[in-house]
Amino acid sequence: MDDLQRRFRRLDRIGTPDLWTEAVGRAAELELAPRWRFSPSLAMIAVALLMAALAGTVAVGALLNQKLPSPETATYENGMIVAYAGCGGLAALDANTLEVRDLVAASPPCDRFFDSVAWPAWSQDGSRLAFIGPAEPDGPPSATVYDLPTGEMRVLGQCVDWCEGMDISPDGSMVAYVADPDADPRSLVVVGVDSGETYHIDLPSPTGRGAPAFSPDGRRIALTLLGGQSGVYLVDVRAMKDGAAGALTLLHGLVQADDLAWSPNGEWLAFAQTGGLGVDAHNRSEGGAISQGATGLVIVRPDGSERRILATGTEAYGPSSPTWSSDSASVAYLAPVRDSTGLDRAALWTAAIDGGEPTRIYEPARFDGLGRPAWSPDGEWIAVGVTVPERAAGVVLVRPDGSDVRFAPGMPLEPAWQPIPAD
Amino acid sequence: MESVAVAAEPAVTIEALYRQEADKLWRALFAFSADTEIASDAVAEAFAQAIRRGSAIRDPRAWVWKSGFRIASGDLHRRSRSVHMIPDSSYFDPEVDSELLAALAQLPDGQRAAVVLHYYADAPVREISRRTGMSQLSVRANLSRGRKRLKLLLGDRHG
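Residues numbered from 1 in each chain as written. Chains lettered and ligands numbered in written order. Predicted model: local features only at pLDDT ≥ 70, side-chain atom pairs only at ≥ 80, totals over all residues. Heavy atoms only, no water.

Draft legend 1. Main features of the overall build of chain B. Scanning chain B for helices and strands turns up seven helices and zero strands. In chain B, the succession of α and β elements from N to C terminus is α-α-α-α-α-α-α. Looking at chain B as a whole, 58% of its 159 residues qualify as buried. A fraction of 66% describes how many contacts in chain B between residues 6 or more apart in sequence connect residues 24 or more apart. (Helix = DSSP H or I, 4+ residues; strand = E, 2+ residues; numbered from the N terminus. Buried < 20%, exposed > 50% of the residue type's maximum accessible area, 1.4 Å probe, protein only. Contact = heavy atoms within 4.5 Å.)

If you want it as structure tokens, here you go:
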């Protein structure tokens, strides 16, 4: 037991109040709060209203056939940055003006509880956003798709406890996520957004965390798994739909792989890897030698060839969360820097895939933390969530060369940059 | 006044849960908020809502912890103390490690919750995720950063 644990243990000596009577009293007050109950008079009114509605079917039908007013459609030059804000809400940030607004208001009453990492992912035409999060306060997380043109929020699957990873196919027709952390075997779930057709692919057991990513052509799903059968896997979507055996194949095994991102041109996979690097990793972030078994940011062709290590780190803290530039030539990622007090903290780096030293482009203030970065579709900006003690969290926008840093407070931590719709 | 029937069976179950968890939850919320009033309000409210929801809650233990932290977090924000938390100096329990509370108060909400649940409630990452609503990825990040910062604030750079 270290000193910190001992200090926390002292909390056990503090006396506590008995609040059970208070809780029961409050529960009774909650019961007294007004709510709808059946009453004969209300039922008669309801029947009368129903009759009136039926009589006016033609008029009502005409109204329903009108297209509902569309929510504001994204027209920003750089696309709109959207993040899941908790409680069913979506927050949107205009990259040009730094204005933050509710794209979808959270369900009241709702406190935005801590941060809300929820794997938001856009379809390639920027019309559908998939994410995982509770559809209501305190509710179970759901696999959800938000349809921008109509404003419709569709729940495609309820998570038993917590689902992991989420991606949407480029054409917006399917979502994929890993379900049931406690299930054995766990499964990759693929759901048709419009059809509701659902496929379950059992994952190798035992399995820890997992996260899928569709290829840009939508024909494959890459999947990183942590745990006993860890590695990078590929799912052939057509074989999955045909029910063929072998839909899931191992691409790069016996490594702890995480945070996978497919390059926009479909020619590379980037992911964070722990172990199996096969080198005495050299920590480029600090310039000091570190031990084997270190972490690395790795890229590999989708057939498993041409593996390259773009950056390395310590076992405790390595490069993670890659996001590709639109020309597929560079990767931005998080990796630590060590300050004069010996404290590691995350910084934002870029690395060209054809070689050269990684470049540190944004280093937050001493105690700030960084979330997953996202490179804009036009390549002009990189957005990264930042937690700032004593201030609200927000999103930092920075040019890929590290210039022109801007901070947008009030945005949730995991930004997803909307692809620019094709004209 | 009309008598109110709170569903008997769920209340009994929740009372058993209260007897098991309330002290630990209260102390964790006290460490989280540095405020006895917020800790008491959050515990009472979380269990009140649990009683009312009864069997609709699938995992009551995780639910009351999550609700307790959510309520305490909301209270802190409403009191605008999340901007700069000040440990409750009116609470004079000699067992209170005021230095620890002051250091915790300097962490962001997510880091503070993750550190308290890890060090005080002995919760592993998955359990912290269940009790806070944060993803496991987020818990790991918050725990790592919160632990490092807390040790630095407390003058222990080697632990």
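Draft legend 2. Layout of the environment of A:Thr249. All names here are of chain A. Inspection of the secondary structure assignment puts Thr249 in strand S15 (residues 248-253). A relative accessible area of 40% means that Thr249 is categorised as partly exposed. Distance from Thr249 to Tyr233, taken between C-alpha atoms, is 5.5 Å for residues 16 residues apart in sequence.

Draft legend 3. The arrangement of the pairing of strand S10 (residues 187-192) of chain A in detail. All names here are of chain A. Across the six residues that make up S10, a large majority, six, are buried. By the alternation rule, side chains of S10 split into Ser187, Val189 and Val191 and Leu188, Val190 and Gly192, which are all buried. Examined bridge by bridge, strand S9 (residues 174-179) and S10 share six bridges and lie antiparallel to one another. Considered in S10, the bridge of Ala179 is made with Ser187. Two elements, S10 and strand S11 (residues 198-202), share five bridges in a ladder whose sense is antiparallel. Counted as the bridge partner of Val190 is Tyr199 from S11. Joining the antiparallel neighbours S10 and S11 is a turn of five residues, in which Gly196 adopts a positive phi near 75°. (Pairing = 2+ DSSP bridges.)

Draft legend 4. Spotlight on the sheet that holds strand S14 (residues 231-236) of chain A. Residue and element names in this part refer to chain A. With antiparallel pairing, four strands are arranged side by side in an open sheet as S12-S13-S14-S15. Looking at which strands have only one partner, the edges of the open sheet turn out to be strand S12 (210-214) and S15. The mean inter-strand angle of the sheet, taken between neighbouring strand axes irrespective of direction, is 25°. Of the pairings in the sheet, the one linking strand S13 (residues 220-225) to S14 comprises six bridges and is antiparallel in character. The partner of Leu225 across the bridge, within S14, is Gly231. (Axes fitted to C-alpha atoms, helices over the stretch in contact; angles between N-to-C directions.)

Draft legend 5. View of unusual backbone geometry. The phi angle at A:Glu306 is positive, at roughly 55°, despite the residue not being glycine. Its location among the elements puts A:Glu306 in the loop between strand S20 (295-300) and strand S21 (308-313). One non-glycine residue with positive phi stands out, namely B:Ala34, at about 55°.

Draft legend 6. Structural context of the packing of helix H5 (residues 109-119) of chain B against helix H6 (residues 125-132) of chain B. Residues and elements named next belong to chain B. Where H5 contacts H6, the axes come no closer than 10 Å and their chain directions differ by 125°. Compared by their axis directions, H5 and H6 come out oblique. When the axes of H5 and H6 are compared, the crossing they make is right-handed. Contact with H5, carried on its side by Ala113, Ala114, Leu117 and His118, involves Ile128, Arg131 and Thr132 of H6 and no other residues of that element. (Parallel < 35°, antiparallel > 145°, perpendicular 65-115°, else oblique. Left-handed = near helix turned anticlockwise from the far one by under 90°.)

Draft legend 7. Local environment of the pairing of strand S22 (residues 320-324) of chain A. All names here are of chain A. Most of S22 is tucked away: five of the five residues are buried. Alignment of S22 against strand S23 (residues 330-338), held across three bridges, turns out to be antiparallel. Bridge assignment links Thr323 to a residue of S23, and that residue is Ala332. The turn linking S22 back onto S23 is made up of five residues, and Ser328 within it adopts a positive phi angle of 60°.

Draft legend 8. Quick peek at the pattern of salt bridges. All names here are of chain A. All told, the structure shown has 24 salt bridges over all chains when counted by the stated rule. In this structure, Glu380 and Arg399 form a salt bridge, with 3.4 Å as the shortest nitrogen-oxygen distance. One end of the pair, Glu380, is in the loop between strand S26 (369-375) and strand S27 (382-387); the other, Arg399, is in the loop between strand S28 (394-398) and strand S29 (406-409), with 19 residues separating them in the sequence. The class of Glu380 is partly exposed, set by a relative accessible area of 39%. With relative accessibility at 22%, the residue Arg399 sits in the partly exposed group. (Salt bridge = Lys/Arg side-chain N within 4 Å of Asp/Glu carboxyl O.)

Draft legend 9. How the structure looks around the sheet that holds S10(A). Residue and element names in this part refer to chain A. Ordered in space as S8-S9-S10-S11, the four strands form an open sheet in which the pairing is antiparallel. Edge strands, defined here as strands with exactly one partner in the open sheet, are strand S8 (164-168) and S11. Averaged over all adjacent pairs, the angle separating strand axes in this sheet is 15°, with direction ignored. Two strands pair when backbone bridges link them, and S8 and S9 are joined in this way by three bridges, in the antiparallel orientation. Bridging from a neighbouring strand, Glu164 pairs with Val178 of S9.

Draft legend 10. Inspection of the confidence of the model for chain A at higher detail. All names here are of chain A. In the predicted model, chain A carries a mean pLDDT of 76, and the fraction of residues at 70 or more is 69%. This stretch, residues 33-47, has a pLDDT under 50; its non-local contacts, to residues over four places away or in other chains, come to five contacts. Predicted confidence is poor over residues 280-292, with pLDDT under 50, and the contacts of this stretch with residues over four places away or in other chains come to 29 contacts. (pLDDT = per-residue confidence, 0-100.)

Draft legend 11. Just the packing of aromatic side chains, in detail. By the definition in use, this model includes six aromatic pairs over all chains. Centroid distance B:Trp26 to B:Phe30: 5.5 Å. Interplanar angle 15°. Geometry classified as stacked. Taken as a pair, B:Trp26 and B:Phe30 lie in helix H1 (residues 8-33) at a separation of four residues, close to a single helical turn. What makes B:Trp26 buried here is its relative accessible area of 2%. These aromatic residues form a ring-pair network of at least three members: A:Trp20, B:Tyr18 and B:Phe47. Of note, A:Arg399 hangs over the ring of A:Trp381, and the distance from its end group to the ring centre comes to 3.7 Å. (Phe/Tyr/Trp six-rings, centres within 6.5 Å; stacked < 30°, edge-to-face > 60°. Lys NZ or Arg CZ within 6 Å of the ring centre and 35° of its normal.)

Draft legend 12. Quick look at the side chain of A:Thr350. Position of A:Thr350 relative to the elements: it lies in strand S24 (residues 344-352). Setting aside its immediate chain neighbours within four residues, A:Thr350 contacts A:Val331, A:Ala332, A:Tyr333, A:Pro358, A:Thr359, A:Ile361, A:Trp375, A:Ile382 and A:Pro400.

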